[in-house]
2 protein chains.
Amino acid sequence: MVTLAEVAQHAGVSASTVSYVLSGKRSISANTRQRVERSIRELGYHPNAGARALASSKSNIIALMVPLRTDMYVPVMMEIAIAVATSARAHGYDVLLLTGEEGPDAVRRVAGSGLADGMILMDVELDDERLPLLRETDQPSVLIGLPADTSGLTCVDLDFRATGALCVEHLAKQGHQDIAVIGEAPAVYERHTGFAERTLDGLRSRSRELGVRLLHRPCEGGYDAMAVTLARILDERPDTSGLIVQNESAVEPLLALLRQQGRAVPEDVSVVAICPDQVAMQASVRLTSVAIPAQEMGRHAVDHLVAKLEGRGSDQVVLIAPELTARGSTGPAPSRS
Amino acid sequence: MVTLAEVAQHAGVSASTVSYVLSGKRSISANTRQRVERSIRELGYHPNAGARALASSKSNIIALMVPLRTDMYVPVMMEIAIAVATSARAHGYDVLLLTGEEGPDAVRRVAGSGLADGMILMDVELDDERLPLLRETDQPSVLIGLPADTSGLTCVDLDFRATGALCVEHLAKQGHQDIAVIGEAPAVYERHTGFAERTLDGLRSRSRELGVRLLHRPCEGGYDAMAVTLARILDERPDTSGLIVQNESAVEPLLALLRQQGRAVPEDVSVVAICPDQVAMQASVRLTSVAIPAQEMGRHAVDHLVAKLEGRGSDQVVLIAPELTARGSTGPAPSRS
DNA sequence: AAATCGCATCGAAGCGCTTCGACAACCTAT
DNA sequence: ATAGGTTGTCGAAGCGCTTCGATGCGATTT
């Protein structure tokens, strides 16, 4: 393994000079710089990460904590994770993958050992047990998701409240008066996951404002659960003409059921989904949808974390504005018979 | 930040003693050990990762290289990644997440900088460009997936050849004579991804042995592509009574189409899927399937890598035996009219 | 011509840990 | 009682890098 000292010797300069060439923290004559760079190339030198971390007390690593349970929103998580890894590299950072398994201990371990310079937490719950630790260790961090108390924290998330409002608006504008929301699994609401509640909030308040009737029903994924849920909705509100789905694994079952019951989309029923674009486009009907901007969230999280690490940037809540893409699944409400 | 020296002072011993308590590499009297452990707890000491890495030239980090493109098999990748992270922790290792983006350079960088002690590569192609580097840097590594030349490499994968054979057997045993395979997107075959070809190989040779007719058609995911593919299959082989699907995003569209065309599963058509159990169980019909044992693959990969890192373990190819779980989607072939 | 400045470079002191050799203190066996 | 072995602990030497202060040296100012 090639060391700094060997590069220095090869280039006929001192070790510190090589270091300064690498970091650019002091000016180096063009001549010397080139000689050093040439030696680095010829010897195939790579700075030793451990030594660097020790001497500079910076690891150039960002920890990413993903939820352990893989039952929810998996492709989105993956997309965020990859976006984080990619943007981190662009800033010269590597990403350490932590699972939720260790829980709060992971925060302590990473902060205490200097393994990472900062961390990004995904799937933050309203009252997350990792937050107190985060605050007291003053470990630079960014949350993806919104806890109840955001004071002293930097958070990135889709503006789910606006997302809910946007969905209702879109349907109301087309004359739909009875709208049903097919939501996440009941467990998601019981866990008080922020995004689900905020979406609901946006849905409700906007429909109140627009004078539209709104029915919300949680739904487990899968065909059977969807069948039950849909039946109940149509039983309770037979005039329902607009459906809003916020549950990836309910989308395809829903479409299959509607097809089976002879309800045409969008002629009889309009459907708006809150899901990744890929799901909306690959469904059996091109779905009008509000995308979950996974990439953007990952990128924002990294940008803000890096800003903090460099001393710029401050605590703030970044809500990404939702965008609704109209595809084939929504149209004017059918005239009441 | 608490250091070893501070712990030593607090416990009234030398730094090296504390180090030996931590590593267990020399015997320490019970008395001393307890005093040191108490000091560690009281001061909240965490060893500094960088210093440790520098002194021991081991980082206790495993690099995991996931494919950049997220278009394929995403939940499986995620599950593997999480299994890797979890089992790595159980062995005292952390996981560094690398995306395929950097390509072979990532191998060089990680190996050269001592950032990680070893690496796990996912989504290995038959003739992967990272392999030559891996061989020449003698970086301990484990591949998930099988390249064309496995010499000098340790690989973990599902035995896709046996998987293909198993699917055919299951259908043939129930009297199906005409079987169609709905495969991955054409691009997957063009890229010569090993698993797709090996599955096909197993499917073909076993159906030859059993005297069963087999038709293979690649298929993009989604409803429309599936519709076209299915139509072609039934046009070419109207007697097809068994379908084998190896494409997650074709599963639900296929079921929807069959339902729509009035073909009952399994009375008219039997369907076997090669997919994660979750997909098979959440589909609109409980699917007979061969699972992709993501967790097991991740765990195996880590176990073998750790064995290598500890000097045990050698180069070998580990093929995980497939298991077919019969659910509701397969039954006896309908009698020919 | 002397004093001042900025630039390019060097040497040395650590960063916090592991690990090796040394050395007391204590046990056995002779 | 003495040589030899254990066992438990310590001191010191690095691991490869960053960074601070010092230094030499031309260029600029007075």
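Report follows, based on the coordinates. This one's a predicted model, so the numbers in the text were calculated from it and none came from an experiment. (Residues numbered from 1 in each chain as written. Chains lettered and ligands numbered in written order. Predicted model: local features only at pLDDT ≥ 70, side-chain atom pairs only at ≥ 80, totals over all residues. Heavy atoms only, no water.)

### With respect to the protein's contact with DNA strand C
So, step 1. The environment of DNA strand C is made up of 27 residues, and the closest members are T17(A), T32(A), L4(B), R26(B) and Y45(B).
So, step 2. In DNA strand C, the atoms that sit within 4 Å of the protein are 53% sugar and phosphate, with bases accounting for the remainder.
So, step 3. Take S14(A): an N or O atom from its main chain is 2.8 Å from a phosphate oxygen of DNA strand C.
So, step 4. A distance of 2.8 Å separates a phosphate oxygen of DNA strand C from a polar side-chain atom of S19(B).
So, step 5. At the level of secondary structure, the elements contributing two or more residues to the surface near DNA strand C comprise α2 (15-23) and α4 (49-56) of chain A together with α2 (15-23) and α4 (49-56) of chain B.
So, step 6. Among the elements that make up the surface near DNA strand C, the one with the highest residue count is α4(B) (five residues). (Near = heavy atom within 4 Å. Polar contact = N/O pair within 3.5 Å; in protein donor to acceptor, adjacent residues only side chain to side chain. Helix = DSSP H or I, 4+ residues; strand = E, 2+ residues; numbered from the N terminus.)

### Notes on the interface of chain B and chain A
So, step 1. Contacts between the two partners involve 52 residues from chain B and, on the opposite side, 52 residues from chain A.
So, step 2. Of the roughly 4,200 Å² buried at the junction of chain B and chain A (both faces included), carbon and sulfur atoms supply 66%.
So, step 3. For the chain B face of the interface with chain A, the top three residues by lost area are H46(B), M78(B) and L97(B), together amounting to 14%.
So, step 4. The interface formed by chain B and chain A holds ten residue pairs in polar contact (both at pLDDT 80 or more) in total.
So, step 5. Within the residue set of the side of chain B that touches chain A, elements represented by two or more residues are α4, β1 (61-66), α5 (74-90), β2 (94-99), α6 (104-113), α11 (223-236), α12 (248-260) and α13 (277-282) of chain B.
So, step 6. A per-element tally of the side of chain B that touches chain A places α5(B) first, with nine residues.
So, step 7. Residues that form the side of chain B that touches chain A fall into these classes: 26 nonpolar, 15 polar and eleven charged.
So, step 8. In this sheet, β2(B) lies alongside strand β2 (residues 94-99) of chain A in antiparallel orientation, the contact comprising three bridges. Across the sheet, residue V95(A) finds its bridge partner in β2(B), namely L97(B). (Contact = heavy atoms within 4.5 Å. Buried area = accessible area lost by both parts, 1.4 Å probe. Nonpolar A, V, L, I, M, F, W, Y, C, P; charged D, E, K, R; others polar. Pairing = 2+ DSSP bridges.)

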